[in-house]
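Examination of the molecular architecture
The primary structure of each chain is shown beneath.
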Amino acid sequence: MAILEVHDLSVYYGVIQAIKGISFEVNQGEIIALIGANGAGKTTILQTITGLIPAKGGKIFYEGTDITRTPGHKLVSMGIAHVPEGRRVFAQLTVLQNLKLGAFTRKDKDGIEDTLKRVYARFPRLKERQNQVAGTLSGGEQQMLAMGRALMSHPRLIVMDEPSMGLSPIYVNEIFDIIGKINRDGTTVLLVEQNAKKALAIANRAYVLETGKIVLSGDAKDLMNNDSVKKAYLSE
Amino acid sequence: MSFLTYLINGISLGSIYAIIALGYTMVYGIARMLNFAHGDIIMVGAFAVFTAVSTLGMPPFIGLIAAIAICTALGLTIEFVAYRPLRGATSLAVLITAIGVSYLLQNLALLIFGSNTRQFTSIVTLPNLKLAGGKMTVSSVTIVTIVCCIVIMIALTSFINHTKTGQAMLAVSEDRGAATLMGINVNRTIAVTFAIGSALAAVAGALLCSMYPSLTPYTGSMPGIKAFTAAVFGGIGSIPGALIGGLILGVVENLSKAYISSQLSDAIVFSLLIIILLVRPTGILGKKIQEKV
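One structure accompanies this document, and this report is about it.

Conventions used here
Residues numbered from 1 in each chain as written. Chains lettered and ligands numbered in written order. Predicted model: local features only at pLDDT ≥ 70, side-chain atom pairs only at ≥ 80, totals over all residues. Heavy atoms only, no water. Helix = DSSP H or I, 4+ residues; strand = E, 2+ residues; numbered from the N terminus. Rg over C-alpha atoms; globule rule 2.2 N^0.38 Å. Buried < 20%, exposed > 50% of the residue type's maximum accessible area, 1.4 Å probe, protein only. Contact = heavy atoms within 4.5 Å. Areas by Shrake-Rupley, 256 points an atom, 1.4 Å probe, with all protein chains shown as cover. Lys, Arg positive; Asp, Glu negative; His and termini not counted. Charge placed at Lys NZ, Arg CZ, Asp CG, Glu CD. Salt bridge = Lys/Arg side-chain N within 4 Å of Asp/Glu carboxyl O. Expected span 1.5 Å × (residues − 1). Polar contact = N/O pair within 3.5 Å; in protein donor to acceptor, adjacent residues only side chain to side chain. Buried area = accessible area lost by both parts, 1.4 Å probe. Nonpolar A, V, L, I, M, F, W, Y, C, P; charged D, E, K, R; others polar.

Looking only at helices and strands, chain A has ten helices and ten strands in total. The C-alpha atoms of chain A give 17 Å as radius of gyration, which agrees with the globular expectation for 236 residues (18 Å, within 12%). Each of the three principal axes of chain A carries a C-alpha extent, and together these read 45 × 40 × 35 Å. When burial is assessed residue by residue, chain A has 54% of its 236 residues classed as buried. Sequence-distant contacts, at least 24 apart, represent 66% of the contacts inside chain A between residues at least 6 apart. Taken as a whole, chain A presents about 10200 Å² of accessible surface, with 49% of it coming from carbon and sulfur. Computed over 29 positive and 24 negative side-chain charges, the separation of the two mean positions in chain A equals 4 Å.

Written out as structure tokens, the structure reads:
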């Protein structure tokens, strides 16, 4: 069953069309990767889904509901969380304050405490640093905080934008490991990555984007063996 | 003894600047705009108290509550009608709109109340305080003003640190987009900020006119500019900065009036601002904007 369906989506920045009629769907329980070069429109798609950028045309359905015009702040309580590009943690607030803000829309105090415990179990380093100001964390720790913060809303769909960007290889492996675990816990993942190799290794299916269009799609394993994908994105 | 009196009066005046400066600094911190109509909300608050107490004969406390309600509603209306449609606009457009709103409020007050100076009856009816065996008198307004400032600072700080709305304000002030991703309604958070700032302006207006009892439609503009100076001075966007900036401004102004020249006091205050900004462009407690890597 599709948790997210995107139909013929188009997005403009002023007069420039960034997304040119894209359709794809994400099924319950899947990890879907959107891969492509810089400027292909990956981030734009995620930001349009979570209501940060308005869509010019097309429709977005989440669990069967049309969310194309739903304001971004209402999507969190519907079960969508977004780990933004560049992490965007609240640098002047503590780790704990950041995590609590992730649960902003929730009212079940006990449930929030429970989720906090689970986030700390997943990211022990965040617990060690819970009273530290987020701006002083390393890049990898900030990425973990951004992911933990998104998990605090207890999402059914989590969209992640370039989670491995700017991280050391050790952190990259750790982050992808965690994405796999989050998915196995029952959260559907829509992943945007420049690290196509890692993304295809973890994803069920993938879509390849070029200048605002989907040029290839299919099973992640098949795409990994596709010659043009190999040439363009896997540097082989 | 006279120095002490000047100092206490300076702290009291500074407390009023600090209460007004909170409105500037919170709105700047959260909505990233300079609300130059803020000073005129003080004037509206003072006229509201004046009308309720002197014209309608209500008790001062009820008059103050009415003024807070009116100013809060006014602040929300201004935000909704004038500033919200400009949320994505350039800061210059917003600034010009704010100046326009300021003129609008002044001229509406001229239309309704006329340009005559009104004699404001102090809302503080407590007796004056005699200290050091009667050698020194501190007016009750002075004391009440300082107490009000302390209470407001404590209340506001705990509101921001211990409520969800307060945390949302911090989040919005740091990153509007990321705040939206947390499920925070940015427009609503900005509206709450205007409501708080305007309510504080009403309190400041009542205290200011209790201290200096002449009221005209222009009463708010000079204290407004000085409180804005105090906010910049302390570091705009910072709540403790507004307090420190306000207090320093009030004390310096009062001491220069007493010991140097009452005509030069404003010049001294603003020169001090220029010097501080040359040395510390972000103000005393202002944070440097960190470049994200």
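This paragraph deals with the pattern of salt bridges. All names here are of chain B. All told, the structure shown has 17 salt bridges over all chains when counted by the stated rule. A salt bridge links Lys257 to Glu253, with the nearest nitrogen and oxygen atoms 3.2 Å apart. Placement of the pair is Lys257 and Glu253 together in helix 10 (residues 239-259), with a separation of four residues, close to one helical turn. Relative accessible area serves as the criterion here: at 33%, Lys257 is assigned to the partly exposed category. In this structure, a network of salt bridges that share partners links the residues Lys226, Glu253, Lys257 and Asp266.

Moving on, we come to helix 8 (residues 186-211) of chain B. Residues separated by three or four positions in an α-helix point in the same direction, a consequence of the helix having 3.6 residues per turn. Residues and elements named next belong to chain B. For helix 8, which comprises 26 residues, the first-to-last C-alpha distance of 37 Å matches the rise-based estimate of 38 Å (1.5 Å per residue) to within 8%. In terms of burial, helix 8 is largely enclosed, as 23 of its 26 residues are buried. For helix 8, the N-terminal cap is Asn185; the gap from its side-chain oxygen to the backbone nitrogen of Asn187 is 3.3 Å.

Here the focus is unusual backbone geometry. A negative phi angle characterises most non-glycine residues, just as the trans form characterises most peptide bonds. Residues and elements named next belong to chain A. Residue Arg88 is not a glycine yet carries a positive backbone phi of 45 degrees. Within the secondary structure layout, Arg88 lies in the loop between strand 6 (80-83) and helix 3 (95-102). The exposure class of Arg88 is partly exposed, given its relative accessible area of 25%. Notably, Glu162 is not glycine yet its phi reads approximately 50 degrees, a positive angle. Mapped onto the secondary structure, Glu162 falls in the loop between strand 7 (157-161) and helix 7 (169-184). Owing to a relative accessible area of 4%, Glu162 belongs among the buried residues under this scheme.

Listed as interface residues are 17 residues of chain B and, on the opposing side, 21 residues of chain A. Where chain B abuts chain A, roughly 1900 Å² becomes buried across the two surfaces, and 63% of that area is made up of carbon and sulfur atoms. Between the two partners, chain B and chain A, sit one salt bridge. The shortest N-O distance in the salt bridge between Asp175 of chain B and Arg88 of chain A comes to 2.8 Å. Put simply, the parts of the chain that give the side of chain B that touches chain A at least two residues each are helix 6 (164-174) and helix 7 (176-181) of chain B. Looking at the side of chain B that touches chain A residue by residue, the classes come out as eight nonpolar, five polar and four charged.

By themselves, these observations are geometric and do not establish any function.
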